[in-house]
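# Commentary on secondary and tertiary structure
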Amino acid sequence: MASLSEEVLLVVKKVRQRKQDGTLYLMAERIAWGPEGKDRFTVSHLYADIRCQKISPDGKAKIQLQLVLHTGESTTFHFSNESSALKDRDAAKELLQQLLPKFKKKANKELEEKNRMLQEDPVLFQLYKDLVVSQVISADEFWANRLGDINNTDPAPYNNKQEVGISGAFLADIRPQTDGCNGLRYNLTADIIESIFRTYPAVKQKYSENVPHNLTEKEFWTRFFQSHYFHRDRINTGTQDIFSECAKQDEKGLKSMVVQGVKNPLVDLLSLEDKTLDEGYGVSSGPPSTSNLNRSVKESSNAAIIKRFNHHSAMVLAAGSRKGLSHLSSVAIEYEDLQRKNRPKTVALNLKKSDRYAHGPVPLLSQHYTTSQDIINSVNHIRHEMVNYKPNLTQVLSSTAATSAIAALSPGGVLMVAGAQQAINQMVPTEVQGELKHLYAAAGELLRHFWSCFPVNTPFLEEKVMKMKSNLERFQMTKLSPFQEKIQRQYLSTNLTGHLEEMLQTAYSKFHIWQTRRMMRKT
Amino acid sequence: MASEDEINLLVIVVDVNPIWWGQQAQREPEFTLSKCLDAVMVMGNAHMAMTRTNKLAVIASHCQDSHFLYPSKSWRGGDSGAEDASSSGDGKYELLSIANNLIAEEIRNVMSKSEGNSTDTLLAGSLAKALCCILSIKTVYIGRDTKSRLLVIKAAEDCALQYMNFMNVIFAAQKQNILIDACVLDSDSGLLQQACDITGGLYLKIPQKLALAQYLLWVFLPDSEQRSQLVLPPPAHVDYRAACFCHRNLIEVGYVCSVCLSIFCNFSPICTTCETAFKIQLPQMVKPKKKKLKQST
């Protein structure tokens, strides 16, 4: 029965399940149904186990709700209250719709994680197939060491999505269309709205202030496009425009950006200034005409447009880099090696007999001793011989010498003995090698579980060690022996599985020793 | 298959240690330095005859210096060469006859000098010269593929003092993808075994010196690409054990000073190379309890 601490969210009477009348209870973490008149629940499912819910179509006579579990089972509830069946069912459905997503994530996450791991690592997948699918080991044990703590791991590493940048032309892309009767239609998509908000935070602020209290969204955007803020000639005529504030803020922002300058030390913007030789080829000493009075009206409007363009570009770039890109400046102009850093003081190596390193792995005492007389004799002899040296290339080799040399070099000869043993990987075909690799991986996994149980301190470990021993025996019976028979039937009698058997035997003997010790301790 | 334009350079380093060869001539008069050089010449001719783009260099490794037998500096004038060639009269490929004559002339010069007191062959130096020769060929033919290898014909024993230089040469050759092959006449050489193992060449100690030409042509004439298609003597097991610094014994398990990395076969509390003191924890000794002496009044 439900524990007292469980909170009951909804109770629906007259719900039939498997042709039995009863009551449906929706609790905080599970859904349960008990037959009428009885005290206990016959059906109880955790929300985490439910994959989805289905309802019968509206026109049907029977009003039903079906719960499909992750395991594939399904349970159907028939709402049989004559008056309020539809209402009941909808109420239950709504509640489930709210509750299921909360629990869904946790269960799915684990499953997703497992699937992902199996897909990414083919070795792991093969191991899973060998061990779990063939029932040598249970799935829980397999995943016990591998999953770690799912709930605590940071999902951030797997969500490496890049931020989408802002197109510089987003405002220009909103091409107005004539509406027929002297009006303009602007098409705004969610992307454009987002770009505007990211680039001009002042506009975002205005939006959050005014919508939905004062203006509807449509009105806000209409005003936006109507305002002089948006249009070319931004003459701040002090109109009652909610956007005039924005214009003033922009001016301030632009000025501060200019003052800040460019932080990149590799770019020297000031050297790009126009250095014109003024009229008179630099000879005349007239004052440069940069005062504002001389500027024509046209120039000032051009200046305004250019200022707006610069500002727009600056805001777009700033929006993109607001996500915290690191500055290049410190890394680009400094070479670590060339700087004198305060390194910790080290002690110099002081070698007394450094010529020891130069001596090769040859014993100090040479094997041959030659007297100086010998040396002189030999040198004279050779000099004498070579004084009249003339190559005699027709008498270099006698046929007997040649044939004995060839015999020595042919397979089976004196010099070729080591090569007679073929490498084992050339004799065994690749499928057999592959199977052997899988066997090794599976055996390794099982042995790892087995050996990690020692020393056996807790009853859990005792159980585990006995289970692992039976697993090992089962593995040997189902996998290893058939493989051995197969290779014996088909191929040379090379002992490919000797080492595997040795490892298993070591495990068995260790288990045996442990068991006898345990018996002795008990008696 | 090697392309037509690929230059294949073979550098043969012949150990002409006069003491060893003089003793050898007294031990076994059928096989002397002359015979050895004849075999080398046959090998060189065969190599040059295989393709037009094959090139040859021969270095004699003596106790005092290393000398290029071919190509030699004296081969400048085409005239003198032509005369010699035509005088041989047997219709031999000119390049081969010139080469043979040059080698013979140079070796006569080399062996006629005998100064100095050293008895060890300067093998490391000759190998270094060979590597330089290979590099110079590479720079001369910079546009074309060049493949080079080194063949060492060794007679006398290893000299332990050349160990460092030898290892440097070996690693330089490995970096440049130059094979080092070794044909050993007398006693096994650990350094050359290592050289062949590291660079991927062949090491062979020949049982019969008289058949040297046959061994050279069978085993060392094919280049590395062709060797994969042939059945050749398998590589021998190389002894890479280190030698302890105190006795120069080859050891498998030893003690290494953590400061100067010198290797010893026995533990000693002070490293003799860098004079660092080491402590080993001895098992704790239980001090016997001292009985309190009663003060006598």
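Rules behind the numbers
Residues numbered from 1 in each chain as written. Chains lettered and ligands numbered in written order. Predicted model: local features only at pLDDT ≥ 70, side-chain atom pairs only at ≥ 80, totals over all residues. Heavy atoms only, no water. UniProt positions renumbered as here; feature names shortened; annotations may be inferred. Helix = DSSP H or I, 4+ residues; strand = E, 2+ residues; numbered from the N terminus. Buried < 20%, exposed > 50% of the residue type's maximum accessible area, 1.4 Å probe, protein only. Contact = heavy atoms within 4.5 Å. Areas by Shrake-Rupley, 256 points an atom, 1.4 Å probe, with all protein chains shown as cover. pLDDT = per-residue confidence, 0-100. Buried area = accessible area lost by both parts, 1.4 Å probe. Salt bridge = Lys/Arg side-chain N within 4 Å of Asp/Glu carboxyl O. Polar contact = N/O pair within 3.5 Å; in protein donor to acceptor, adjacent residues only side chain to side chain. Pairing = 2+ DSSP bridges. Axes fitted to C-alpha atoms, helices over the stretch in contact; angles between N-to-C directions. Phe/Tyr/Trp six-rings, centres within 6.5 Å; stacked < 30°, edge-to-face > 60°. Lys NZ or Arg CZ within 6 Å of the ring centre and 35° of its normal. 1 Å grid on protein atoms, 1.4 Å probe; cavity = no way out; pocket = protein on both sides within 12 Å on 5 of 7 lines; lining within 4 Å. Points joined across faces, edges and corners; volume = space filled by probe spheres on them. Nonpolar A, V, L, I, M, F, W, Y, C, P; charged D, E, K, R; others polar. Disulfide = S-S within 2.5 Å. Expected span 1.5 Å × (residues − 1). Arc of directions from axis to C-beta. Left-handed = near helix turned anticlockwise from the far one by under 90°.

As annotated in an unreviewed UniProt entry, chain B carries the name General transcription factor IIH subunit 3 and comes from Dicentrarchus labrax. A UniProt comment under Sequence similarities (unreviewed entry) is attached to chain B, and it reads "Belongs to the TFB4 family." In its Subcellular location (unreviewed entry) section, the UniProt entry covering chain B states "Nucleus".

If you check an unreviewed UniProt entry, chain A appears there as General transcription factor IIH subunit 1 from Dicentrarchus labrax. The record held by UniProt for chain A lists under Subcellular location (unreviewed entry) the comment "Nucleus". Check the Sequence similarities (unreviewed entry) section of the UniProt entry for chain A; it says "Belongs to the TFB1 family."

### Some remarks on the overall build of chain B
The helix and strand tally for chain B stands at nine helices and ten strands. By the burial criterion, 48% of the 297 residues in chain B qualify as buried. A sequence separation of at least 24 residues applies to 66% of the contacts in chain B between residues at least 6 apart. In the form shown here, chain B has an accessible surface area of approximately 15700 Å², with 54% of it arising from carbon and sulfur atoms.

### Some details on the confidence of the model for chain A
All names here are of chain A. The predicted model of chain A averages 76 in pLDDT, with 74% of residues at 70 or higher. Contacts for the low-pLDDT stretch residues 149-159, under 50 throughout, to residues beyond four places or in other chains number five contacts. Here residues 289-295 scores under 50 on pLDDT; set against residues more than four positions off or in separate chains, the count is one contact.

### As for the interface of chain B and chain A
Reports often express the size of an interface as the amount of accessible area lost when the parts come together. Each side of the interface is counted separately: chain B has 61 residues, and chain A has 46 residues. Taking both partners together, chain B and chain A bury about 4700 Å²; carbon and sulfur atoms supply 68% of that area. Where chain B packs against chain A, one counts zero salt bridges. Scanning the region where chain B abuts chain A turns up twelve residue pairs in polar contact (both at pLDDT 80 or more). When residues of the side of chain B that touches chain A are traced back to their parent elements, those giving at least two are α1 (18-27), α2 (33-50), α4 (94-112), α6 (163-175), β6 (203-205) and α8 (212-220) of chain B. When residues of the side of chain B that touches chain A are assigned to their parent elements, the largest contribution, nine residues, is made by α2 of chain B.

### With respect to the sheet that holds strand β3 (residues 66-70) of chain B
Residues and elements named next belong to chain B. The strand order across the open sheet built from six strands is β3-β2-β1-β4-β5-β6, with neighbouring strands paired in mixed fashion. Looking at which strands have only one partner, the edges of the open sheet turn out to be β3 and β6. Geometrically, the sheet is characterised by an average inter-axis angle of 20° between neighbouring strands, direction not taken into account. Sheet topology places strand β2 (residues 54-61) next to β3; four bridges connect them, and they run antiparallel. Across the sheet, residue isoleucine 59 finds its bridge partner in β3, namely phenylalanine 68.

### Notes on the confidence of the model for chain B
Residue and element names in this part refer to chain B. A residue-level look at chain B finds 87% of positions with pLDDT of 70 or above and a mean pLDDT of 85. In the model of chain B, helix α3 (residues 78-88) stands out as the element of lowest mean pLDDT, 50, in contrast to strand β5 (residues 179-184), which has the highest, 95. Considering only residues more than four positions removed or in separate chains, one finds that residues 76-81, a stretch of pLDDT under 50, has one contact. For this predicted complex, the interface confidence score (ipTM) comes to 0.79, while the overall pTM stands at 0.53.

### Observations regarding the pattern of salt bridges
Residues and elements named next belong to chain A. As enumerated under the stated definition, the model contains 15 salt bridges over all chains in all. Taking the shortest distance from any N to any O, the salt bridge between glutamate 113 and arginine 116 comes out at 2.9 Å. Taken together, the residues glutamate 113 and arginine 116, both in helix α1 (residues 85-120) and three residues apart, mark about one turn of the helix. What makes glutamate 113 buried here is its relative accessible area of 16%. A relative accessible area of 25% means that arginine 116 is categorised as partly exposed. Here glutamate 462 makes a salt bridge to arginine 518, at a shortest N to O gap of 3.1 Å. Pair noted here: glutamate 462 is in helix α14 (residues 459-490) and arginine 518 is in helix α15 (residues 498-522), with a separation of 56 residues, a long-range link. For glutamate 462, a relative accessible area of 25% gives the class partly exposed. With a relative accessible area of 17%, arginine 518 lands in the buried category. Among the ionic contacts, a cluster of salt bridges with common partners joins Glu113, Arg116 and Glu120.

### Looking at the packing of aromatic side chains
Any two aromatic rings considered together are summarised by their centre-to-centre distance and by the angle between their planes. Within the structure shown, the criterion is met by ten aromatic pairs over all chains. By the ring-pair criterion, three or more aromatic residues cluster together here, those being Tyr357 of chain A together with Phe245 and Phe264 of chain B. One residue, lysine 510 of chain A, lies across the ring of phenylalanine 454 of chain A, its end atom 5.0 Å from the ring centre. Above the ring of tryptophan 20 of chain B, the side-chain terminus of arginine 27 of chain B is found at 5.5 Å from the ring centroid.

### Notes on empty space enclosed by the protein
All names here are of chain B. Counted under the stated rule, the structure contains five cavities of 30 Å³ or more. In this model, the largest cavity occupies a volume close to 60 Å³. Taken together, Asp15, Thr121, Leu123, Lys154, Ala156, Glu157, Asp158, Cys159, Gln162, Phe166 and Leu191 form the lining of the largest cavity. Considering only residue class, the lining of the largest cavity consists of five nonpolar, two polar and four charged.

### Comments concerning the state of the cysteines
Each disulfide consists of one covalent bond between the sulfur atoms belonging to two cysteines. Residues and elements named next belong to chain B. All told, the structure shown has zero disulfides over all chains when counted by the stated rule. For the unlinked cysteine cysteine 132, the closest cysteine sulfur is that of cysteine 133, found at 8.7 Å. Take cysteine 132: its relative accessible area is 51%, and that puts it in the exposed class.

### Some remarks on α6 of chain B
Residues and elements named next belong to chain B. When the terminal C-alpha atoms of α6 are compared, their 18 Å separation across 13 residues agrees well with the 18 Å that a helix rising 1.5 Å per residue should span. Buried within α6 we find Tyr163, Phe166, Met167, Val169, Ile170 and Ala173. Along the long axis of α6, the arc covered by the buried residues comes to 160°, so they all point the same way. Away from its buried face, by an angle of more than 90 degrees, α6 presents the exposed residues Asn168 and Lys175. On the buried face of α6, the contacting elements are α5 (123-140), β5 and α7 (190-199).

### Looking at the environment of methionine 43 of chain B
Residue and element names in this part refer to chain B. Take methionine 43: it is sitting in helix α2. On the basis of relative accessible area, methionine 43 is assigned to the buried category, the value being 1%. For the pair methionine 43 and tyrosine 215, spaced 172 residues apart in the sequence, the C-alpha separation amounts to 9.8 Å. Once residues within four sequence positions are removed from consideration, methionine 43 is found in contact with Leu10, Ile12, Leu151, Leu216, Leu217, Phe220 and Leu221.

### A word on the packing of helix α11 (residues 399-409) of chain A against α8 of chain B
It is the contact of α11 of chain A with α8 of chain B, at a shortest axis distance of 9 Å, that shows an interaxial angle of 35°. For the crossing formed where α11 of chain A meets α8 of chain B, the hand is right-handed. Mapping the contact onto sequence places Ala402, Ala405, Ile406, Ala408 and Leu409 of chain A in α11 of chain A and Gln214, Tyr215, Trp218 and Val219 of chain B in α8 of chain B.

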